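# Observations on chain architecture
Listed here are the chains, written in short residue letters.
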Amino acid sequence: MFLRIDHVGIACHNLEEKIEFYESTFGLVVVSREVNEAQGVREAMLHVADGEGGTSYVQLLEPLSPETAVGKFLAKRGEGVHHIGYGVEDVTKSMAEIAAKGVRLIDERPRHGSMGASIAFLHPKDVGGVLTELVEAPRA
C-alpha cells in the first residue's frame, strides 16, 4: 500500500529559522512554501531525495496561532516530529482498506494537502501513537 515515506512533518516555532538550519546543515532545498489556513499552518517542503516510489521531503510546520493543532502540539510537546506522511497510489482506496482493518480515520474524505496532493490522516491512537498521513501526489 505504501509507496514511500513521502515526508516527515516537523513542528517548529519559527519557520524561517528552521529552513535556514535544514539548508545550512543538511543541504536541503525548499521546493514549496504555503500557508494552509484550513490546517492553521505556514509550511515549507524541503527536498530530501528522489526514489523509485517518488520524492521524499521534510515538511516544516509553523502554527498560525496557538489554538491550531500544531500550536497545541508545540505547547504540549515542543518542537519535533509531528507526523509521518506515506505516499499512496490512491488515497480514497487506501482509506477504505485501512478503515476495514479497524484503524480510525480522522478524515472522512481526502482533503487538500501540500503541493496539490490529496491527503487524509489516521488516528494516532490506532497507529502506535504516531499521527499518520496518507498522501496521493497530484497527477502529472
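Here the residue numbering is sequential within each chain, running from 1 through the sequence in written order. Thresholds applied to this predicted model are a pLDDT of at least 70 for local features of residues and 80 or more for the giving and counting of side-chain atom pairs; totals over whole chains, interfaces and linings are not thresholded and use all residues. No hydrogens and no water enter the side-chain calculation; it runs on all heavy atoms of the structure.

## Observations concerning the nonpolar core
Counting residues in each nonpolar core, the largest one holds 10 residues, listed as Ile-10, Cys-12, Leu-15, Ile-19, Tyr-22, Leu-28, Ala-44, Leu-46, Val-58 and Leu-60. The numbering of helices and of strands both runs from the N terminus, where a helix is a DSSP run of H or I of at least 4 residues and a strand a run of E of at least 2. Only helix 1 (15-26), strand 3 (41-51) and strand 4 (54-63) provide two or more residues apiece to this core. In this description, contact between two residues means that some pair of their heavy atoms is separated by no more than 4.5 Å. If sequence neighbours within four positions are ignored, Leu-60 has contacts with Ile-10, Cys-12, Leu-15, Lys-18, Ile-19, Tyr-22, Arg-42, Glu-43, Ala-44 and Leu-46. Residues grouped as a nonpolar core are buried Ala, Val, Leu, Ile, Met, Phe, Trp, Tyr and Cys residues, joined through side-chain atoms within 4.5 Å. Accessible area is worked out with a 1.4 Å probe on protein chains only. A residue is then buried under 20% of its type maximum, exposed over 50%, and partly exposed in between. Counting eight residues, the second-largest nonpolar core is a separate cluster that includes Val-88, Ile-98, Val-103 and Leu-122.

## Observations regarding the packing of aromatic side chains
Whether two aromatic rings pair depends on their centres lying within 6.5 Å, for rings of Phe, Tyr and Trp, where Trp uses its six-membered ring; planes under 30 degrees apart make the pair stacked, over 60 edge-to-face, and the rest tilted. Going through the model one piece at a time under the given rule, you end up with four aromatic pairs. Ring plane angle 85° and centroid distance 5.4 Å describe the contact between Phe-21 and Tyr-22, whose orientation is recorded as edge-to-face. Residue Phe-21 is classed as partly exposed on the basis of its relative accessible area of 38%. Overall, Tyr-22 belongs to the buried group, its relative accessible area being 13%. Aromatic side chains Phe-21 and Phe-26 sit 5.6 Å apart centroid to centroid with 90° between the ring planes, which places their arrangement in the edge-to-face category.

## Some thoughts on the side chain of Glu-133
Within the secondary structure layout, Glu-133 lies in strand 8 (residues 132-136). In this tally, Asp and Glu contribute negative charge and Lys and Arg positive charge; neither His nor the terminal groups of the chain are included. Salt bridges are identified by distance alone: a Lys or Arg side-chain nitrogen within 4 Å of an Asp or Glu carboxyl oxygen. For the buried residue Glu-133, which engages in no salt bridge, the nearest side chain bearing the opposite charge is Arg-111, 7.5 Å off. Nitrogen and oxygen atoms within 3.5 Å of one another constitute a polar contact, given that in protein one can donate a hydrogen and the other can accept it, and given that sequence-neighbouring residues count only through two side-chain atoms. There is a polar contact of 3.0 Å between the side chain of Glu-133 and the side chain of His-7. Beyond its immediate sequence surroundings of up to four residues, Glu-133 is in contact with His-7, His-83, Ile-84, Gly-85, Tyr-86, Ile-119, Ala-120 and Phe-121.

## Quick notes on helix 3 (residues 91-100)
Each α-helix winds once per 3.6 residues, and so residues spaced three or four apart point in a common direction. Burial in helix 3 covers these residues: Val-91, Ser-94, Met-95 and Ile-98. All buried residues of helix 3 fall inside an arc of 105° around its axis, so they share one side. Counted as exposed and oriented over 90 degrees from the buried face of helix 3: Lys-93 and Ala-100. The inward-facing, buried residues of helix 3 contact strand 5 (80-88), strand 7 (118-122) and strand 8. With a side-chain oxygen lying 3.0 Å from the backbone nitrogen of Thr-92, the N-terminal cap of helix 3 falls on Asp-90. Just downstream of helix 3, Gly-102 is the residue with a positive phi angle, here 95°. Relevant arc is that of directions from the helix axis to the C-beta atoms, nothing else.

## Focus on the environment of Val-70
Locating Val-70 in the fold gives a position in helix 2 (residues 69-77). Val-70 sits in the buried class, given a relative accessible area of 4%. Between the C-alpha atom of Val-70 and that of His-82, which follows or precedes it by 12 residues, the distance is 7.8 Å. Each residue touching Val-70, except ones within four places of it in the same chain, is listed here: Ala-11, Val-41, Leu-61, Pro-63 and His-82.

## So, the pattern of salt bridges
Summed over all chains, the structure comprises eight salt bridges. The salt bridge partner of Asp-126 is Arg-104, with a shortest N-O separation of 2.9 Å. Highlighted residues: Asp-126 in the loop between strand 7 and strand 8 and Arg-104 in the loop between helix 3 and strand 6 (111-112), separated in sequence by 22 residues. Its relative accessible area of 29% is what places Asp-126 among the partly exposed residues. Residue Arg-111 pairs with Asp-107 through a salt bridge whose shortest N-O separation is 2.8 Å. Overlapping salt bridges, with partners in common, bring together Glu-89, Glu-136 and Arg-139 in one network.

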